[in-house]
Amino acid sequence: MMEIRQGCKYGIELEMTSAPHVSRDDIASALSHNNIQVINVDGSWAEAKKAYHHWKLVGDGSITCNVSQPFCNKFELVSPILHSEHGLVTTASILGRLSRVGVTVNRSMGFHVHVDVSQY
């Protein structure tokens, strides 16, 4: 694991899809554990863009479904503000659980990292 400077703040966004019968509520429930809470944010674009203190799933209309699942659920997993090494540990935990939930990715999807550079 790489070292992150103490006090560094960052956030991530992971775009993905699931089968039509696997809802965002199902995924949020499967990813939540210990001190990590994942919620499904339904509603307007403005509601989805609000900052939360926990992980959230929001709809994402910019991605496309795989040909094999044309009616998939399209969404993005968005982290809260993460801090230093603890954020990496939390992210690793979420990614480990995510691999068992049955989500898929394709070329229309991305992984975004936002880094707070205000202290530099």
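Note that the coordinates shown come from a computational prediction; the quantities given were computed from them, not determined experimentally. (Residues numbered from 1 in each chain as written. Predicted model: local features only at pLDDT ≥ 70, side-chain atom pairs only at ≥ 80, totals over all residues. Heavy atoms only, no water.)

## What about the overall build of the chain?
Turning to step 1, where the next piece is worked out: Looking only at helices and strands, one finds three helices and seven strands in the chain.
Turning to step 2, where the next piece is worked out: Helices and strands appear in the chain in the N-to-C order β-α-β-α-β-β-β-α-β-β.
Turning to step 3, where the next piece is worked out: For 120 residues, the compact-globule formula gives about 14 Å, and the C-alpha radius of gyration of the chain, at 15 Å, lands near that figure.
Turning to step 4, where the next piece is worked out: Each principal axis of the C-alpha atoms in the chain carries an extent, and together these give about 45 × 30 × 25 Å.
Turning to step 5, where the next piece is worked out: Residues counted as buried form 40% of the 120 residues belonging to the chain.
Turning to step 6, where the next piece is worked out: For the chain, contacts bridging at least 24 residues in sequence account for 72% of all contacts bridging at least 6.
Turning to step 7, where the next piece is worked out: Accessible surface for the chain amounts to roughly 7,300 Å². Of this, 56% is attributable to carbon and sulfur atoms. (Helix = DSSP H or I, 4+ residues; strand = E, 2+ residues; numbered from the N terminus. Rg over C-alpha atoms; globule rule 2.2 N^0.38 Å. Buried < 20%, exposed > 50% of the residue type's maximum accessible area, 1.4 Å probe, protein only. Contact = heavy atoms within 4.5 Å. Areas by Shrake-Rupley, 256 points an atom, 1.4 Å probe, with all protein chains shown as cover.)

## What to know about the layout of surface pockets
Picture a little ball the size of a water molecule; that probe, rolled over the atoms, points out where space is still empty.
Turning to step 1, where the next piece is worked out: The computed volume of the largest pocket comes to approximately 410 Å³.
Turning to step 2, where the next piece is worked out: Considering the residues around the largest pocket, the lining is formed by 21 residues, among which A51, V78, S79, P80 and I81 are closest to the centre.
Turning to step 3, where the next piece is worked out: Put simply, the parts of the chain that give the lining of the largest pocket at least two residues each are β1 (9-18), α2 (45-49), β3 (55-59) and β4 (73-78).
Turning to step 4, where the next piece is worked out: Sorting elements by how many residues they give to the lining of the largest pocket places β1 first, with five residues.
Turning to step 5, where the next piece is worked out: Its residues assigned to classes, the lining of the largest pocket comprises nine nonpolar, five polar and seven charged.
Turning to step 6, where the next piece is worked out: Around the second largest pocket sit 16 residues that line it, and N35, I36, W55, H86 and T90 are the ones nearest its centre.
Turning to step 7, where the next piece is worked out: Secondary-structure elements contributing two or more residues to the lining of the second largest pocket are β5 (82-83) and α3 (84-98).
Turning to step 8, where the next piece is worked out: If you tally residues by element for the lining of the second largest pocket, the top one is α3, at five residues.
Turning to step 9, where the next piece is worked out: Split by residue class, the lining of the second largest pocket holds six nonpolar, 10 polar and no charged. (1 Å grid on protein atoms, 1.4 Å probe; cavity = no way out; pocket = protein on both sides within 12 Å on 5 of 7 lines; lining within 4 Å. Points joined across faces, edges and corners; volume = space filled by probe spheres on them. Nonpolar A, V, L, I, M, F, W, Y, C, P; charged D, E, K, R; others polar.)

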